[in-house]
Amino acid sequence: ILFLTGLTLTIGASRTVRFFSRKDRIRGIIAFFGGVAMVLFRWPVIGMIMQIYGLVYLFGQFFPIAAASLKDVPVVGSVFRHPSVERFFSSFGGGGSGDRRAPV
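Residues numbered from 1 in each chain as written. Predicted model: local features only at pLDDT ≥ 70, side-chain atom pairs only at ≥ 80, totals over all residues. Heavy atoms only, no water.

## So, the overall build of the protein
- Regarding its fold elements, the protein presents seven helices and zero strands.
- N-terminal to C-terminal, the α/β element order of the protein is α-α-α-α-α-α-α.
- By residue count, 25% of the 104 residues in the protein fall in the buried class.
- Sequence separation of at least 24 residues holds for 48% of the intrachain contacts in the protein that already meet a minimum separation of 6.
- Of the roughly 7100 Å² of accessible surface on the protein, a fraction of 69% belongs to carbon and sulfur atoms. (Helix = DSSP H or I, 4+ residues; strand = E, 2+ residues; numbered from the N terminus. Buried < 20%, exposed > 50% of the residue type's maximum accessible area, 1.4 Å probe, protein only. Contact = heavy atoms within 4.5 Å. Areas by Shrake-Rupley, 256 points an atom, 1.4 Å probe, with all protein chains shown as cover.)

## Some remarks on the confidence of the model for the protein
- With 88% of its residues at a pLDDT of 70 or more, the protein has an overall mean of 83.
- When pLDDT is averaged over each element of the protein, helix α3 (residues 26-40) comes out on top at 93 and helix α5 (residues 62-70) at the bottom at 81. (pLDDT = per-residue confidence, 0-100.)

## Concerning the nonpolar core
- By size, the foremost hydrophobic cluster in this structure holds nine residues: L4, L7, F19, F20, I29, F32, V36, L58 and F59.
- Counting residues per element, the ones that place at least two in this core are α1 (2-11), α3 and α4 (44-59).
- Among the elements that make up this core, the one with the highest residue count is α3 (three residues).
- Aside from chain neighbours lying at most four places away, what touches I29 is F19, F20, S21, R22 and L58. (Core = buried A, V, L, I, M, F, W, Y, C linked by side-chain atoms within 4.5 Å.)

## A few points about the packing of aromatic side chains
- Evaluation of the coordinates by the stated rule reveals eight aromatic pairs.
- A ring pair is formed by F19 and F20, whose centres lie 5.1 Å apart and whose planes are at 85 degrees; its orientation type is edge-to-face.
- Residue F19 is classed as buried on the basis of its relative accessible area, which comes to 3%. (Phe/Tyr/Trp six-rings, centres within 6.5 Å; stacked < 30°, edge-to-face > 60°.)

## Considerations on α4
- Taking 1.5 Å of rise per residue, the 16 residues of α4 would be expected to cover 22 Å, and the 22 Å separating its terminal C-alpha atoms lies within 8% of that figure.
- Buried within α4 we find G47, Q51, G54, L58 and F59. The arc enclosing the buried residues of α4, seen along the axis, measures out at 105 degrees, which places them on a common side. Exposed residues pointing more than 90 degrees away from the buried face of α4 are listed as V45, I49 and I52.
- Lining the buried residues of α4 we find α1, α2 (13-19), α3 and α5. (Expected span 1.5 Å × (residues − 1). Arc of directions from axis to C-beta.)

## Description of α3
- The end-to-end C-alpha distance of α3, which contains 15 residues, comes to 21 Å, matching closely the 21 Å that a straight helix rising 1.5 Å per residue would cover.
- Turning to α3, its buried residues number three or more, namely G28, I29, A31, F32, G35 and V36.
- If you follow the buried residues of α3, they end up packed against α1, α2 and α4.
- Backbone geometry just downstream of α3 places R42 in the positive-phi region, at approximately 70 degrees.

## Structural notes on the pattern of salt bridges
- With the rule as written, the count across this model stands at two salt bridges.
- Across the pair R22 and D24 runs a salt bridge, and its minimum N-O distance is 2.9 Å.
- Residue K71 is joined to E86 by a salt bridge in which the shortest nitrogen-to-oxygen separation is 3.0 Å. Of this pair, K71 sits in the loop between α5 and α6 (77-80) while E86 sits in helix α7 (residues 83-90), and the two are 15 residues apart along the sequence.
- Among the residues examined, K71 registers a relative accessible area of 24% and is labelled partly exposed. (Salt bridge = Lys/Arg side-chain N within 4 Å of Asp/Glu carboxyl O.)

Here it is as structure tokens:
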């Protein structure tokens, strides 16, 4: 619930509704809100697993963008420049496509 509040305050209510009503992301939307429901119905472990799956499905395209930005950070940059870490993050959201943009 705090994630939804923070997202709404960050990008606005209309963009949040538009983001969560896209038909191409229905699997992630159902998983995320199903996870919220499971947590509220006292199944916290299953609910958190469903929420994590939903978030990865919804925001998977953003992970390579965030990893590319973190390469320039002094302390953690060397970790994100490691070939295995680069390969891991490039596996999200279509890999090495040059037309990446934030999912929101």
